[in-house]
Amino acid sequence: QVTLHAGAELDARRVKQYTLTLWASCPGEDEVEERLFVWVMAGQVLRCDAPFASTGGDVVQVLADVAPRTPLYVVLPQPLGGLTVSGFRLRNHDTPLVLTRQGLVLAPADGFNPSKDTQTFRLEIEVMDRHGHNCSGTVRVEVLPSRRPRVTFLEPQWAVTVPEGIGPLEVVTQVHASGDNVRYAILAPTAPTLFTIDEVTGEIRSTCQLEVAHARLLVRAYNALHPTDHATTMLNITVQGTRRRVPSCVPALSMSQVPETVFPGSTLVTLRCTNPTGTNGSLHYALEGPPASRSRFCMEGPRLQVNTTLDYDSEAVAAVGFQFTATIVVTAGGQPPRSTHVPVLVMVTPVNEFTPVCPSGATFTVPETAAFGSTVGRVAGTDRDYPLDSLEYSLEGGPGPMQPFSIDTRTGEIRVVGPLDSQRHKSYRLTVRLTDTRNDLDPAKRRSCLCDVAVHLQAVPDQAPVCTPEVQELRIMARLGGRQPVTRLACQGSPDGAVLAYTIAGGNEDGRFQLEGNTLFYLPNDLAEPRTFVLLVEVWGGPGAPRHSTMVALVVHVTPQSTPVPPSTTTRRTTLRKEPLVVTRMEAAWHPPAWFVAMLTVSGALLLAALGCVARSLLCR
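Residues numbered from 1 in each chain as written. Predicted model: local features only at pLDDT ≥ 70, side-chain atom pairs only at ≥ 80, totals over all residues. Heavy atoms only, no water.

Draft legend 1. Region of interest: the pattern of salt bridges. Per the counting criterion, the structure on display carries twelve salt bridges. For aspartate 510, the salt bridge identified is with arginine 531, shortest N-O distance 3.4 Å. Of this pair, aspartate 510 sits in the loop between β41 (501-506) and β42 (513-516) while arginine 531 sits in strand β44 (residues 531-540), and the two are 21 residues apart along the sequence. A residue is classified by how much of its surface remains accessible, and aspartate 510, at 37% relative accessible area, is partly exposed. Exposure remark for arginine 531: the relative accessible area of 39% places this residue in the partly exposed category. One network of salt bridges, with partners in common, ties together Arg89, Arg91 and Glu126. (Salt bridge = Lys/Arg side-chain N within 4 Å of Asp/Glu carboxyl O. Helix = DSSP H or I, 4+ residues; strand = E, 2+ residues; numbered from the N terminus. Buried < 20%, exposed > 50% of the residue type's maximum accessible area, 1.4 Å probe, protein only.)

Draft legend 2. A look at a nonpolar patch on the surface. Together, Trp590, Trp595, Phe596, Val597, Met599 and Leu600 make up a nonpolar patch on the protein surface, roughly 720 Å² of accessible area in all. Summarising the element assignment, tryptophan 590 is placed in the loop between β45 (549-560) and α4 (594-620). Residue classification places tryptophan 590 among the exposed residues on the basis of a relative accessible area of 66%. (Patch = residues over 30% accessible without salt bridge, like charges linked within 9 Å, V, L, I, M, F, W, Y side chains within 5 Å. Areas by Shrake-Rupley, 256 points an atom, 1.4 Å probe, with all protein chains shown as cover.)

Draft legend 3. Expanded view of unusual backbone geometry. At the junction of valine 250 and proline 251, the peptide bond is cis and its omega measures out at 0° in the coordinates. Here proline 251 is to be found in the loop between β21 (248-250) and β22 (254-259). The omega torsion of the bond from tyrosine 386 to proline 387 falls at -10°, within 30 degrees of zero and hence cis. Of note, proline 387 is situated in the loop between β31 (375-378) and β32 (391-395). At leucine 169, a residue that is not glycine, the phi angle is positive and equals roughly 65°. Among the structural elements, leucine 169 can be located in the loop between β13 (157-163) and β14 (171-174). Looking at leucine 169, the relative accessible area reads 45%, which means it is partly exposed.

Draft legend 4. Broad picture of the nonpolar core. Phe297, Leu304, Ile328 and Val330 are the most contacted members of the largest nonpolar core, which totals 27 residues. Elements supplying a minimum of two residues to this core: β23 (267-270), β25 (284-288), β26 (297-300), β27 (303-306), β28 (323-332) and β29 (338-349). Take this core: its biggest share by element is five residues, from β28. Ranked by size, the runner-up nonpolar core spans 25 residues in total, among them Phe52, Val62, Val66 and Leu99. (Core = buried A, V, L, I, M, F, W, Y, C linked by side-chain atoms within 4.5 Å.)

Encoded structure:
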């Protein structure tokens, strides 16, 4: 079995046939010679871009500090004849670069090595489609040295000496490294007990009151955007003893959490301090800090006590974030005096003290024809606990036929969710429950109250006005001068005497008539011949919704003053019998017989065939 592979790209337009001579021999047998003819047929092929498929391949240059898995290159084949790419394959695997199924070349998962020299990586990529066609090419990635400054320490090793007695969270020293986006961390010891570091500023602080000791800290500085860019330094911290020792206190750092209802005079923490000289009676305790803290706390000997009420619901406590900071200064006698600082943090927690209060006069009025979802009103309850007015609203009994309303749990807005009928219910009595939320450290401690809400229904007339007569025929003579009255409509509305509204709904296209109230006026003009007008007047019962209206038809015969008129000049009113209006609409349609459609189809096919033959003969010539 012999397998042939093309050594170069085949092009049927240049060479259509290759003649190959094959020799084959087996041990102990004669040599066989055969000729093989290879025909190259024009068909669908898959081609790669010229730079990618060239001998030298395509070249990409990137910086060494590019982020891990950053797209560096994309292989763009040129499928012809509807071919689609099915996959990409990397021929050589001696490269840290990654090739995805979509043809993307990504940076290594750990980034490039930050070398000072240019690094070169070569990728041989094969592109395949689902029909077995393929093309290949080469990509050369050149990694250039980074242009940004690297993170470096000025000194690989530092030594710091500090006196004993430094209190908790005091700055011992500060490390500094040059570079961009520098952050700091302590690598060793993994769980430091004496010191901590600020990752942004590099300040090293004590975690407790320092005594005579020696510590070695391995500090790393790194680029926050490129963690592979880092440097380390060794920091030796020596805590030396002094002849004049400061007082030692337990606890060295005080954190308290108290409810807002704590009584004045309550003790938050009691310090146990010792004087190095052995005379504990000579210790003096003082409180330092912001004015808001000094006014609410005081020192009674070694005890930190509450001086005044801690109202969680006040704006002053909310302004400091519901927590107070201060410092207790413990001073021993002598010259000069020796002191120790104990940081204090007091956090105030909320207590649900007050019950929600109902609004006064919760009475609303809504039309009985209000649609589904219409707003009735809003129950605005109040609560003095912080956060103020954080309430949930609920309707006792829920919505139903006897209570067709719902309430928004957050806003207290009442809406209509069912039909309303003022003939059965003149008003509804609703019971709304107000429950406070987020007012206590314990979510189960909630207060609520019940509020009575009255909803009165406003009756809306549900009958249309009645006009007598509904159809009138009138005759008038057009006179010169101002407008002249034609008729006055006699209509009666609802029993409550609501004012009726009138408007000309049709027949007054040229504006010859005008309505004022229920009186119709004619506006004289240059009418030359007698003319008949048919007017439609709509009458309804006011601005309510929905609007119930009645139509009145007026047939007005207008005669010019110069035209002879019948002897009777009186206005005659006639009630015409209503006749149904029949509208007839004619539509033209053409439905050809079946034989005509068949003949037209055959003729069209013959015409297309003739045109095809003519075009073929012209192309052959």
